[in-house]
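Reading the structure
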Amino acid sequence: MLNHFLKPQKIFLHIPPAIWSQFQQALLESRQNNEEVIGFLFCKRHEVSSHQIRYEPKVWIVPTADCYEYQSVTGLVLKQQFHLHLLQTYIHQEKLDIVHIHTHPGQEIPFFSSIDDHHESEYARFLTTNFKTKPRLISGVFDQSFQNFKFRIWDKQGRSSSPVDFSSSWFENSITLFDKTKPMFTRQQVFGETFQKQLNQLTVTLIGCGGIGAIFAEILSRLGVKNWILIDPDRLEDVNLNRMPGATWEMVDEQMLKVEYVKHLIKKVYRNDGQVKAIPSVIENQLIQPEIATSDLIVVATDNHYSRQIAQELAIKFRRPLVCLGTHIDMKPNGMPRMYCRMTVPPLGGSWCLMCGNMINLQQAALESAAPEIGHLAQQRGYIAGVNDPAVFWLNSLCASTGVGVIQGIVGGFLKIDSGLDWIYEFPECKWHKTDTSYLVNSDCYFCGSKD
Ligand SMILES: [Zn+2]
Ligand SMILES: [Zn+2]
């Protein structure tokens, strides 16, 4: 209880950029002259932890002109029948909460007007008295060009409201502008203060602390990420020494956990700040899911299909961005090696995923998840490539570096990946292949299709 007082509950409304741009576009199109426009989002409430609530949009609605009783610069009234239909479908049947968004004229930071206060307070009370689920009302007001905004959530009695953190970017963290950028980042200050602060406040879940994951953590932590959740059940072995940065014989001798080893790499950069949680576990462990739900980004760098499948399922479940990294080496019959590295970032909020995009072989994933005896049998029959796939430091580094570059591009805003990204590098041909992600869109996918 005391903890509750010390750490007030923070409420986040995180709308994936692809959904937000559709919603915003529809709002702009519904504007006829210069009148206020209004839209609704119906959201699912997700209690991430005792002091963090996240609202995730399930449906958005922008009423067209014929849904209004009247629409003018002074106000808006929806037709009753239309309004009831919305409430019946999304609040009564689907048990969602409601987000009201409207605009005010002008370009300045908008404020809720006393008319807004009055209407919203009444509406919050109306929801509580008419629906058993006691849905909550969140309201947002934007200036006419959608640059500035304010969000708040009403209590059930409609008496008072508290602020809501709104984000329509890949990451939900809002930036605190208090502390100064550390001198260690001077050589990257060209990317801007906001960029550095956002990295500094990110929490990254890394699944797989092996040959790619370790390098990835080394590089991304030096770019500025200090908060990590590391997940890997394995220990360091002598066969890892060909590709793990800074790994030593001493670490191998003491059979150091890979998560502890990667924590050690990160802590070499951040002595006193940042939080690194080392979790020596497989990803399918249910107990670690709440940890993953609180992070801002999931990175999966394991060498098997099953763990990637689980990572993708969790990313969909918690609506977290996912970055998937992998390398592959094989030998042609003439003895020439072919080497690949691949980075995949499925779009936040659906439309395709690792499964429907065929980045994961589900049959292989099922075999990997089967009991060890069956797995062994499958391996004997050649269904699963042995665990000792070839791997080299330089190729893993290329993959991990580019993965970090992609994250820098997302945070810095100079890499537009609303529809996702899938890049493959081929060596020695020295070719980058970019998958045309519009071919990957799949609304029928069992995993990422439009279902709860
Ligand atoms: Zn208003
Ligand atoms: Zn899918």
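Quick summary incoming for the structure in this document. Keep in mind it's a predicted model, so treat the numbers as computed, not measured. (Residues numbered from 1 in each chain as written. Chains lettered and ligands numbered in written order. Predicted model: local features only at pLDDT ≥ 70, side-chain atom pairs only at ≥ 80, totals over all residues. Heavy atoms only, no water.)

1. A few points about the packing of aromatic side chains
Within this structure, the stated rule accounts for 20 aromatic pairs. Members of the aromatic cluster, joined through ring pairs, are W20, F23, W60, F142, F146, F149, F151 and F166. A cation sits over an aromatic face here: K150 above F111, 4.2 Å from the ring centre. Above the face of the F112 ring, R152 is positioned so that its terminal group lies 3.7 Å from the ring centre. (Phe/Tyr/Trp six-rings, centres within 6.5 Å; stacked < 30°, edge-to-face > 60°. Lys NZ or Arg CZ within 6 Å of the ring centre and 35° of its normal.)

2. Some details on the coordination of the zinc ion (ligand 2)
Taken together, C353 (SG), C356 (SG), C445 (SG) and C448 (SG) make up the protein donors of the zinc ion (ligand 2), found 2.3 to 2.4 Å from the metal. Coordination at the zinc ion (ligand 2) is tetrahedral, judged from the four donor atoms that bind it and the angles of 106 to 112° they form at the metal. Every donor residue of the zinc ion (ligand 2) comes from the same chain, spaced as C-x2-C-x88-C-x2-C. Taken together, the residues span a long stretch of sequence, with C353 in the loop between β16 (337–345) and α11 (362–369) and C448 in the segment after β18 (431–434) at a distance of 95 residues. When its relative accessible area of 11% is taken as the criterion, C448 is described as buried. (Donors = N, O, S within 2.8 Å, 3.2 Å for Na, K, Ca; no water. Tetrahedral: all angles 85-135°; square planar, octahedral: opposite > 155°, others 65-115°. Helix = DSSP H or I, 4+ residues; strand = E, 2+ residues; numbered from the N terminus. Buried < 20%, exposed > 50% of the residue type's maximum accessible area, 1.4 Å probe, protein only.)

3. Notes on the packing of helix α6 (residues 211–223) against helix α8 (residues 258–269)
Look at α6 against α8: their axes get within 9 Å of each other, and the N-to-C directions meet at 20°. On the basis of their axis angle, the class for α6 and α8 is roughly parallel. Crossing geometry of α6 relative to α8 is assigned as right-handed. Residues A214, A217, E218, S221 and R222 of α6 lie in contact with α8, whose contacting residues are Y261, V262, L265, I266 and V269. Partitioning the contact of α6 with α8 into residue classes produces seven nonpolar, one polar and two charged. (Axes fitted to C-alpha atoms, helices over the stretch in contact; angles between N-to-C directions. Parallel < 35°, antiparallel > 145°, perpendicular 65-115°, else oblique. Left-handed = near helix turned anticlockwise from the far one by under 90°. Contact = heavy atoms within 4.5 Å. Nonpolar A, V, L, I, M, F, W, Y, C, P; charged D, E, K, R; others polar.)

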